[in-house]
Every structure is written in structure tokens, then in C-alpha cells.
Amino acid sequence: MSPLGVAIVGCGNISGQYLRHLVTFPDVRVLFCADVDTERAKARAAAYDVPAAGSVQQALDQPGVELVVNLTIPAAHAEVASAAIAAGKHVWNEKPLAPDIASGHALLDQARRAGLRVGCAPDTVLGAGLQSARRLISAGVIGTPVSALTLLQGPGPESWHPDPEFLFAKGAGPLFDLGPYYLSVLATLFGPAAAVAAVGRRARGTRVIGSGPRAGTEFAVEVPTYMSALAEYAGGQAASLLFSWDSPLSRAGFVEITGTAATLAVPDPNRFDGDLRVCRAGETEWTVIPSTGAGAGPGAGRGIGVVDMARAIRRGEPHRASGEMALHVLEMMTAIERSAAGSGFEPVESVFDIPAPLDQDWDPHVRAT
Ligand SMILES: NC(=O)c1ccc[n+]([C@@H]2O[C@H](COP(=O)([O-])OP(=O)(O)OC[C@H]3O[C@@H](n4cnc5c(N)ncnc54)[C@H](O)[C@@H]3O)[C@@H](O)[C@H]2O)c1
């Protein structure tokens, strides 16, 4: 299989994690780094031996680039992805897929018409942790899955983030910033949701920056910082979900799947691996089960979804972290927000195919044939 040429667009905070992994995967070749700040793109390219860097337009004009890895800020996701598709490139977007449902739909329609692909983070669902959970569930270890409980709570990021305003602005908050990790796990295990309901709260109308040169600056909180949601899945399962930045107590990465025979605690959905824990009916203690598979350990991380997409493009097969699943997650979050602003259940209508599990010996570091 010949490697797929890739350009990184958006060379900020998260691009280092992507580049660190992507340059070690033989089925992709990073050819270009781009950013509105071209100096930043050049610095990233130099740090990871990427041969060229510059503007977004230069990335799209670069010979050999077949896929754009779009790591810009959420407000720019749809616009950058649409430009890439218009230039004939496949796209991998960081989450969320788009700033709103309409632009998410438009993006997928544009790609479909052009015969191009859209993939989307999080690719943590392809990590050893969740893939091991899928294997345990398929083997019948928890019986029939019936419900899920997820918790993400803490005081919020303004204490450590030097420019936290965007995290408390429309389109963000704990639901949109961290919800994709939790909702993508449940999407992978349960399939599409059919309806959601939620209660939203905002403990404080303003917050204060806690670090960096602007420490002490007060800013407005535009979105709910506590969101408690219920989800009904088309397959019959139910979930209780909490996303809160209004809690002095920090508790993140909590995802439990309860079945008729046992409860399974999966690793933090913002990580690629970690131990699983099972508590069977009649037992009071957890049994710890390490996650397994070639994706376990330090070598796997952000970017494995791009490798899966590159291989799928070459083989003409569906890629796993699909734009359709990401659109569904975006629709769920939007419906949760709408329910919290009004009352009652909101329908969720989009659908997607649950991606096939990865083989236990799947390895992004070995060239595919
Ligand atoms: N930082 C993290 O820990 C983290 C983790 C997981 C996912 N993400 C996601 O990754 C994405 C990027 O986050 P980040 O923390 O790296 O943000 P960032 O602000 O550090 O970097 C974004 C970069 O995109 C560039 N950019 C913005 N608009 C652009 C445009 N129209 N064209 C070209 N470049 C543009 C900016 O100049 C900046 O360099 C977000 O969607 C975020 O949700 C971030």
C-alpha cells in the first residue's frame, strides 16, 4: 500500500500530539504544515521534519496531499474542511465536526457529492481500551448491555488555561468540549440515540482567569456549566450523563456500562488505553482486566484514526471514525442543549453504522498490504 499524503492545517496546542504519532506511521506521509500563523506552521514542520510549511492555500496546492488533518479551532472546522473538499482532498476534523448541525450536514453532503471522505475525532474509540471493552462485551462478559453512567465533573479550566474565554462561549462548555469523548464511546457501543433530555445550570455568570499574563481578569460565562442529561438509544439502552465545570470535586473519565450479567468500567474516553474493570452479578469487588491489542501502550495516540482512514481509502472500505458518527454526536449535544433551555425530551434523528471493531493485532506502526 502506498502511503497517503497528508497536510496538517492548524498548528496549535494539539498538533504536537498528532505529529509525534503521524510521522511514525508508515501508511501516512506528512507533507505540509499550515496555519494562519505561518511562522507557527514552519516551527512545527521543523520540529517534526515535515518537508514544507506555509498557508492553508499552499497546503491545498501542495502536490501529493490527499488528506487534510484539520486541527483548527472549532469555529473554523467547517470552513477549513469545506475548502479542503473543494480542493479535492479528504478531511479528518478535530472535534466537534462543525460549529452547528447545518454546517455539519452541508460538509458531509459536499464530500459525498465530490466522492471524498470525512473522518472526525475522537479516535480514542479506536484505542486499546475501548476496543478491548468491545471484545469483552462481544464475548458476553456483561450479558446484554442495558445502560450507561458517565461522569465528568470538576471546577473548570479557567484556573490553568491562560485564555479560557472560548471554553465558556457559545459552542463550548463542558458538554461540547468534552462530551464528544463520552458520547462517542456510547455511540460505538450502543449505536444511534433516539432522544435526549437535560437540565442545565450555570453556577456563576462570570469567572476569573487564574493563570498567565491576564490572571485576575473577569469574563462572562455564556453557556451552561452543568449539564445533566438522559439519553434513550434506538437499540433500547439508556444512559445518564453528567458534564459539569461547577464542581469543586474533580472526577473525570468515569464510564460504566451495565449489562444483565455485570457492570464494566471502561478506561477514560479521553485516553487510548488503560485497565478495564468488571463487577459481576453477586460480586462486590471489581476484577481488573488490562486492555490488550497492538494499540495498547505508549506508541498509540491521536492520529490512529487518520491511519485507519488512510488504509480504508486505499482499500475502498469504510473508515471507522466516520463523519456520520461525529454528526450524530453533534446532533445529540445540540439536542441536549435545546432540552436544557426548554423542557422535555428532544428527538435525535441522524443515524450511522457502528464501525467494525479493530482486529486484536491491528497495528498503526506496521505497513498495511
Ligand atoms: N488542546 C487540547 O488538549 C485538545 C485535545 C483534544 C482535542 N482538541 C481539539 O483540537 C482543536 C484545536 O485545539 P488546540 O488546543 O490545538 O487549539 P489552538 O488554539 O492551540 O490551535 C489552533 C490553531 O489553528 C489555527 N487556526 C485557527 N483558524 C484557522 C484557519 N481558519 N486556518 C488555518 N489555521 C487556523 C490557529 O492559528 C492555531 O494555531 C480543537 O478542535 C480542540 O477541540 C484539543
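Above this text you will find the structure in question.
A brief structural summary. The written sequence of each chain sets the order in which its residues are numbered from 1. Where totals are concerned, whole chains, interfaces and linings use all residues; where local detail is concerned, this predicted model gives features only for residues with pLDDT of at least 70, and gives and counts side-chain atom pairs only at 80 or more. No hydrogens and no water enter the side-chain calculation; it runs on all heavy atoms of the structure.

With that settled, consider the packing of helix 5 (residues 101-114) against helix 9 (residues 323-341). Packing of helix 5 against helix 9 leaves a shortest axis separation of 10 Å and a crossing angle of 165°. What the angle tells us is that helix 5 and helix 9 run roughly antiparallel. Where helix 5 crosses over helix 9, the two elements pack in a sense that is left-handed. Residues Ile101, Gly104, His105, Leu108 and Arg112 of helix 5 touch helix 9, and the partners they reach there are Gly323, Glu324, Leu327, Leu330, Glu331 and Thr334. The classification used treats Ala, Val, Leu, Ile, Met, Phe, Trp, Tyr, Cys and Pro as nonpolar, Asp, Glu, Lys and Arg as charged, and all other residues, Gly among them, as polar. Across the contact of helix 5 with helix 9, the residue classes tally to 4 nonpolar, 4 polar and 3 charged. Only the stretch in contact is used when fitting a helix axis, every axis being a line fitted to C-alpha atoms; angles between N-to-C directions are given from 0 to 180 degrees. Strands are runs of DSSP state E lasting at least two residues, helices are runs of H or I lasting at least four, and both sets are numbered from the N terminus onward. Should an angle fall under 35 degrees it is called roughly parallel, over 145 degrees roughly antiparallel, and 65 to 115 degrees roughly perpendicular, with every other angle called oblique. Crossings are assigned a handedness: left-handed for a near helix turned anticlockwise from the far helix by less than a right angle, right-handed for a clockwise turn. The contact criterion used throughout is that any non-hydrogen atoms of two residues lie within 4.5 Å.

By the criterion of burial, strand 14 (residues 262-266) is predominantly enclosed, with 5 of the 5 residues buried. Burial of strand 14 is two-sided: the residues Ala262, Leu264 and Val266 facing one way and the residues Thr263 and Ala265 facing the other way are all buried. In short, DSSP must find at least two bridges between two strands for them to pair. Here strand 13 (residues 251-259) folds back onto strand 14 in antiparallel fashion, the turn holding 2 residues. Relative accessibility under 20% of the residue-type maximum defines a buried residue, over 50% an exposed one, and the middle range a partly exposed one, all with a 1.4 Å probe and only protein chains included.

We now examine the nonpolar core. Core analysis: the biggest nonpolar cluster contains 106 residues, and Ile8 and Leu186 have the highest contact counts within it. Of the residues forming this core, the biggest block, 10 residues, is contributed by helix 7 (residues 173-190). For Leu186, the residues in contact, after removing those within four places along its chain, are Ala148, Thr150, Gly191, Tyr233, Ala239, Leu241, Val255 and Ile257. What is meant by a nonpolar core is a set of buried Ala, Val, Leu, Ile, Met, Phe, Trp, Tyr and Cys residues, joined one to another through side-chain atoms within 4.5 Å.

Below, the discussion takes up the sheet that holds strand 11 (residues 226-233). Strand order in the open sheet made by the 9 strands is 16-15-14-13-7-12-11-8-17, with mixed pairing throughout. Each having just a single partner strand, strand 16 (287-289) and strand 17 (346-347) make up the two edges of the open sheet. Summarising the sheet, strand 13 and strand 14 pair through 4 bridges and their orientation is antiparallel. From the neighbouring strand, Glu256 faces strand 14, where its bridge partner is Ala265. Contacts from helix 6 (residues 128-138) reach strand 7 (145-153), strand 14, strand 15 (276-280) and strand 16 within the one sheet, and its direction differs from that of strand 15 by about 30°. Packed onto the sheet, helix 7 meets strand 7, strand 11, strand 12 (238-244), strand 13 and strand 14 and runs at close to 160° relative to strand 7.

Any cysteine sulfur atom paired with another within 2.5 Å is treated as part of a disulfide. Tallying each qualifying case throughout the model produces 0 disulfides. Unpaired in this structure, Cys120 has its nearest cysteine sulfur neighbour in Cys11, at a distance of 18 Å.

So, on to the site of the ligand. The environment of the ligand is formed by 21 residues, the closest being Asn13, Ile14, Asp35, Arg40 and His77. At 3.3 Å, a backbone N or O of Val36 approaches a nitrogen atom of the ligand. Definition of a polar contact: a pair of N or O atoms within 3.5 Å, with one able to donate and the other able to accept a hydrogen when the atoms are protein atoms, and with sequence-neighbouring residues admitted only if both atoms are side-chain atoms. In this structure, His77 approaches the ligand through a side-chain N or O atom, which is 3.0 Å from an oxygen atom. Reported accessibility uses the Shrake-Rupley method at a 1.4 Å probe radius. Residues are deemed covered only where the shown protein chains occlude them. Here the ligand loses 77% of its free accessible area of 830 Å² to cover by the protein chains. Taken together, the residues that form the shell around the ligand break down as 11 nonpolar, 5 polar and 5 charged. We define proximity as follows: a residue is near a molecule or strand when any one of its heavy atoms falls within 4 Å of that partner.

Between Lys95 and Pro96 the backbone carries a cis peptide bond, its omega angle lying at -10°. Its place among the elements puts Pro96 in the loop between strand 5 (90-93) and helix 5. In this structure, Asp49 takes a positive phi of about 55° despite not being glycine. Mapped onto the elements, Asp49 comes out in the loop between helix 2 (38-47) and strand 3 (52-54). You can call Asp49 exposed: its relative accessible area is 70%.

Turning our eyes to something else, we now look at empty space enclosed by the protein. Two kinds of site are reported from a 1 Å grid over the protein atoms alone, namely cavities, where a 1.4 Å probe fits but cannot get out, and pockets, open sets with protein on both sides within 12 Å along at least five of seven lines, and residues are called lining when an atom falls within 4 Å of a point. Grid points are joined across faces, edges and corners, and a volume is the space filled by probe spheres set on the points. For the structure on display, the rule yields 4 cavities of 30 Å³ or more. Looking at the largest cavity, it is lined by 16 residues, and the ones nearest its centre are Cys120, Ala121, Pro122, Ser184 and Ala326. Of all elements in the fold, only helix 7 and helix 9 reach the threshold of two or more residues within the lining of the largest cavity. A breakdown of the residues in the lining of the largest cavity according to their chemical character gives 13 nonpolar, 2 polar and 1 charged.

Moving on to the pattern of salt bridges. Definition used for salt bridges: Asp or Glu carboxyl oxygen within 4 Å of a side-chain nitrogen of Lys or Arg. Applying the stated rule across the entire model yields 16 salt bridges. For Glu324, the salt bridge identified is with Arg112, shortest N-O distance 3.7 Å. Of the two residues, Glu324 sits in helix 9 while Arg112 sits in helix 5, which places them 212 residues apart along the sequence. Of the charged contacts in the structure, one is a salt bridge between Lys170 and Glu337, with a shortest N-O distance of 3.7 Å. Here Glu337 lies in helix 9 and Lys170 lies in the loop between strand 7 and helix 7, a separation of 167 residues in the sequence. Judged by its relative accessible area of 65%, Lys170 is exposed. A single salt-bridge network, built from bridges that share partners, covers Glu158, Arg204, Arg207 and Asp246.

Time to look at the sheet that holds strand 6 (residues 118-120). Read from one edge of the open sheet, 6 strands run 3-2-1-4-5-6, paired in parallel fashion. Both outer strands of the open sheet, strand 3 and strand 6, are each paired with one neighbouring strand and no more. Mean inter-strand twist for the sheet, computed between neighbouring axes without regard to direction, equals 25°.

The subject of this paragraph is the layout of surface pockets. Space inside the second largest pocket adds up to approximately 380 Å³. If you trace the second largest pocket, you find 17 residues lining it, with Pro318, His319, Ser322, Glu324 and Asp353 closest to the centre. Ranked by the residues each element gives to the lining of the second largest pocket, the list is headed by helix 5, at 3 residues. A class-by-class count of the residues in the lining of the second largest pocket yields 9 nonpolar, 2 polar and 6 charged.

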